[in-house]
Amino acid sequence: IYVHDEHGVFLDVNAGATRLYGYTREELIGMTPALVSAPGLNDLPAVGAQSARVFATGRAESFEFWGLRKNGEVFPKACITHKGKYFGRDVLITTARDVTAVKQAEAELRKLARAVEQSPVTVVITNTTGVIEYANPQFTKTSGYTIEEVKGLTPRVLKSGRQPDSVYREMWETIARGREWHGELCNRRKDGSFFWEEVSISPVVDEQGRITHYLAVKEDI
């Protein structure tokens, strides 16, 4: 927590702020955001304008800020600034939270998403009743259907009719028990042509071990 005037000068900070930056309370008092800003990563004029706006209107605003610790480490934080009182004086009070772990998780998710989007094999995610919620671009290349066309439908849209129902029954019984199913399926493209896929379908479970989705990874053979 930082107490500062409308120009950003710190009037007081709590122990959390000293831990976050590595400075003592006495060192932080009198400093400004510019002195604890990661070089080149923040729009400081915009931060100053925001402080002035909150001070003038009294409406709280949130923003992200890249901080620079005393030891030179750079870190991201999520902030909210609102107007308040400090010993009878109108001030701004900013609360900040280190979001390094969140940023790292977001980066990992982006990396995973790019890998799935660019995968040379088809990836399909359905809910527990088989309704398609996601399909990667390779699905479109293989089947001819876009994700918009099949989202909300089930993989039966690809069913060719060339295999007995017992194949699909065994598949559902296997994955419903929480086990992975492997097999080959003859499917029908949007243009009516047939193609064979080698398929692996795995249950996706939550923290309690309950099945929430099914993940199908398929390769055109």
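Before any of the text, the structure's been laid out above.
Calculation notes
- Residues numbered from 1 in each chain as written.
- Predicted model: local features only at pLDDT ≥ 70, side-chain atom pairs only at ≥ 80, totals over all residues.
- Heavy atoms only, no water.
- Phe/Tyr/Trp six-rings, centres within 6.5 Å; stacked < 30°, edge-to-face > 60°.
- Buried < 20%, exposed > 50% of the residue type's maximum accessible area, 1.4 Å probe, protein only.
- 1 Å grid on protein atoms, 1.4 Å probe; cavity = no way out; pocket = protein on both sides within 12 Å on 5 of 7 lines; lining within 4 Å.
- Points joined across faces, edges and corners; volume = space filled by probe spheres on them.
- Helix = DSSP H or I, 4+ residues; strand = E, 2+ residues; numbered from the N terminus.
- Nonpolar A, V, L, I, M, F, W, Y, C, P; charged D, E, K, R; others polar.
- Core = buried A, V, L, I, M, F, W, Y, C linked by side-chain atoms within 4.5 Å.
- Contact = heavy atoms within 4.5 Å.
- Pairing = 2+ DSSP bridges.

**Student:** Could you give an account of the packing of aromatic side chains, naming the residues involved and the relevant values?
**Tutor:** Enumeration according to the criterion identifies five aromatic pairs in this entry. Where Y86 meets F87, the ring centres are 4.8 Å apart and the plane angle is 80°; that geometry is what we call edge-to-face. Judged by relative accessible area, F87 falls into the exposed class, the value being 78%. Between the aromatic rings of W172 and Y214, the centroid separation amounts to 5.7 Å while the plane-to-plane angle is 85°, which identifies the pairing as edge-to-face.

**Student:** Give me the lowdown on empty space enclosed by the protein, citing residues and values where you can.
**Tutor:** In total, this model carries one cavity of 30 Å³ or more according to the counting rule given. Reported here for the largest cavity is a volume of approximately 150 Å³. The wall of the largest cavity is formed by 15 residues, among which H4, F10, P33, F63 and T94 lie closest to the centre. Among the secondary structure elements, those contributing two or more residues to the lining of the largest cavity are β1 (2–4), α3 (44–57), β3 (61–68) and β4 (74–86). Per-class residue counts for the lining of the largest cavity are nine nonpolar, five polar and one charged.

**Student:** If you had to explain the layout of surface pockets to someone new, which residues and values would you point to?
**Tutor:** Reported here for the largest pocket is a volume of approximately 410 Å³. Those elements giving two or more residues to the lining of the largest pocket turn out to be β6 (122–127), α7 (165–176), β8 (181–188), β9 (194–205) and β10 (211–220). With four residues, the top contributor of residues to the lining of the largest pocket is α7.

**Student:** Help me get a handle on the nonpolar core, residues and values and all.
**Tutor:** Across soluble globular proteins, nonpolar side chains have a tendency to be buried as a group. By size, the foremost hydrophobic cluster in this structure holds 17 residues, and its most contacted members are V124, F139, W181, L185 and I201. At the level of secondary structure, the elements contributing two or more residues to this core comprise β7 (132–135), α7, β8, β9 and β10. For this core, the element with the highest residue contribution is α7, accounting for four residues. Setting aside its immediate chain neighbours within four residues, V124 contacts I132, Y134, A135, F139, Y214, L215, A216 and K218. Of all hydrophobic cores here, the second largest spans 15 residues; its members include F10, A17, M31 and F65.

**Student:** Could you give me a rundown of the pairing of β9, with the residues and numbers involved?
**Tutor:** Pairing between β8 and β9: eight bridges, direction antiparallel. Residue pairing in the sheet places H182 in a bridge with S200 of β9. Linking two consecutive strands that pair antiparallel, namely β8 and β9, is a turn of five residues; a positive phi of about 95° is found at G192 within it. Inspection of the sheet shows β9 paired to β10 by nine bridges, in the antiparallel sense. For S200, the partnering residue across the bridge sits in β10 and is V217. Hairpin connection between β9 and β10: a loop of five residues separates the two successive antiparallel strands, and G209 in this loop has a positive phi of roughly 85°.

Shape descriptors only; they carry no functional weight alone.
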